[in-house]
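# Structural description and commentary
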Amino acid sequence: WLDPALARHWLFATASRPMHDGEIDPRVGGRYRFVEDRDGRIVEHCGEYAAIVPARRLVFTVAPPDVPEAVTGVRADFAPVAAGCVVTLSHTGLPACCARQARARWTGILYGLGATLGVRHDAARAVQPLYAPRILTERSHAIPADVLFR
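Worth saying up front: this structure is predicted, and the values here are computed from it rather than measured.

This next bit is on unusual backbone geometry. Unusually for a residue other than glycine, Phe12 sits at a positive phi of about 70°. As for its position among the elements, Phe12 is in the loop between helix H1 (4–7) and strand E1 (19–24).

Here is the structure:
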């Protein structure tokens, strides 16, 4: 989550839209930036870290590339289990019209995390939002906790 060399391969990236560059200042108040080339158009994914609790929680903002003033919040909680951890992700502040797309995107991003680290995925499940536009996506990965905050 905080190593730019690894994160650029899965955070905001897809198989068809990889990130070409990534920078992370891994501290509260620090910023991140990932750069994508969308058919010759440079798109930046940026935000700021609000909380970092190693192996437990990461809270950060997301400024959408097309509307950078529409900042939303993401919280990832990590719960240890025998094989690694369960990641519970909440994305708040989204307009209701964007909730479904964001949920699908985060599901793919979390899948990409596991694929990048070469781990086995347990059964994944998306939890229905408690109310729109909140998104809660849960995916269980066999990822050792020390891998999450290198």
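Empty space among the atoms becomes apparent when a probe as large as a water molecule is rolled across them. Here the largest pocket is characterised by a volume of approximately 650 Å³. Taken together, the elements giving at least two residues each to the lining of the largest pocket come down to strand E2 (31–38) and helix H2 (99–117). When its residues are assigned to classes, the lining of the largest pocket shows twelve nonpolar, five polar and five charged. The computed volume of the second largest pocket comes to approximately 200 Å³. If you trace the second largest pocket, you find 14 residues lining it, with His9, Ala13, Thr14, Ala15 and Gly112 closest to the centre. If you tally residues by element for the lining of the second largest pocket, the top one is H2, at six residues. Its residues assigned to classes, the lining of the second largest pocket shows seven nonpolar, five polar and two charged.

Glancing now at the confidence of the model for the chain. Here the chain averages 76 in pLDDT, and 78% of its residues register 70 or above. Ranking the elements of the chain by mean pLDDT puts strand E7 (residues 125–127) last, at 38, and strand E4 (residues 57–62) first, at 95. This stretch, residues 122–150, has a pLDDT under 50; its non-local contacts, to residues over four places away or in other chains, come to 87 contacts.

So, about the environment of Val62. When you line up the elements, Val62 lands in strand E4. Note: C-alpha distance between Val62 and Val74 (twelve residues apart in sequence) is 7.1 Å. Apart from residues no more than four positions distant in its own chain, Val62 is found in contact with Phe12, Tyr32, Cys46, Ala70, Val71, Thr72 and Val74.

Before going further, it helps to examine the pairing of strand E6 (residues 84–92). Across the nine residues that make up E6, a large majority, seven, are buried. Note: strand E5 (residues 72–81) against E6, nine bridges, orientation antiparallel. Across the sheet, Gly73 pairs through a bridge with Thr92, a residue of E6. With antiparallel pairing between neighbouring strands as the criterion, E5 and E6 make up a hairpin whose turn holds two residues.

A word on the pattern of salt bridges. Scanning all chains against the criterion turns up eight salt bridges. For Arg33, the salt bridge is made with Glu23, and the minimal N-O distance between the two is 2.9 Å. Of this pair, Arg33 sits in strand E2 while Glu23 is found in strand E1, placing the two residues ten residues apart along the sequence. Using a relative accessible area of 21% as the deciding quantity, one classes Arg33 as partly exposed.

Calculation criteria
- Just so you know, the residues in each chain are numbered from 1, in the order the chain's sequence is written.
- Thresholds applied to this predicted model are a pLDDT of at least 70 for local features of residues and 80 or more for the giving and counting of side-chain atom pairs; totals over whole chains, interfaces and linings are not thresholded and use all residues.
- Computation of side-chain values: all heavy atoms of the structure, hydrogens and water removed.
- Only DSSP runs of H or I with at least four residues qualify as helices, and only runs of E with at least two residues qualify as strands; both kinds are numbered from the N terminus onward.
- Points on a 1 Å grid over protein atoms alone make up a cavity when a 1.4 Å probe fits among them but cannot get out, and a pocket when they form an open set with protein on both sides within 12 Å along at least five of seven lines; lining residues each have an atom within 4 Å of a point.
- Grid points are joined across faces, edges and corners, and a volume is the space filled by probe spheres set on the points.
- Under the grouping applied here, Gly and all other residues not named as nonpolar or charged are polar, the nonpolar ones being Ala, Val, Leu, Ile, Met, Phe, Trp, Tyr, Cys and Pro and the charged ones Asp, Glu, Lys and Arg.
- The predictor attaches a confidence to each residue, and that confidence, scored 0 to 100, is pLDDT.
- Any pair of residues with heavy atoms lying within 4.5 Å of one another is described as a contacting pair.
- Think of it in three bands: with a 1.4 Å probe and only protein chains considered, a residue is buried below 20% of the maximum accessible area for its type, exposed above 50%, and partly exposed in between.
- By the convention used here, strands pair only if DSSP detects at least 2 bridges between them.
- Every case where a carboxyl oxygen of Asp or Glu lies within 4 Å of a side-chain nitrogen of Lys or Arg is listed as a salt bridge.

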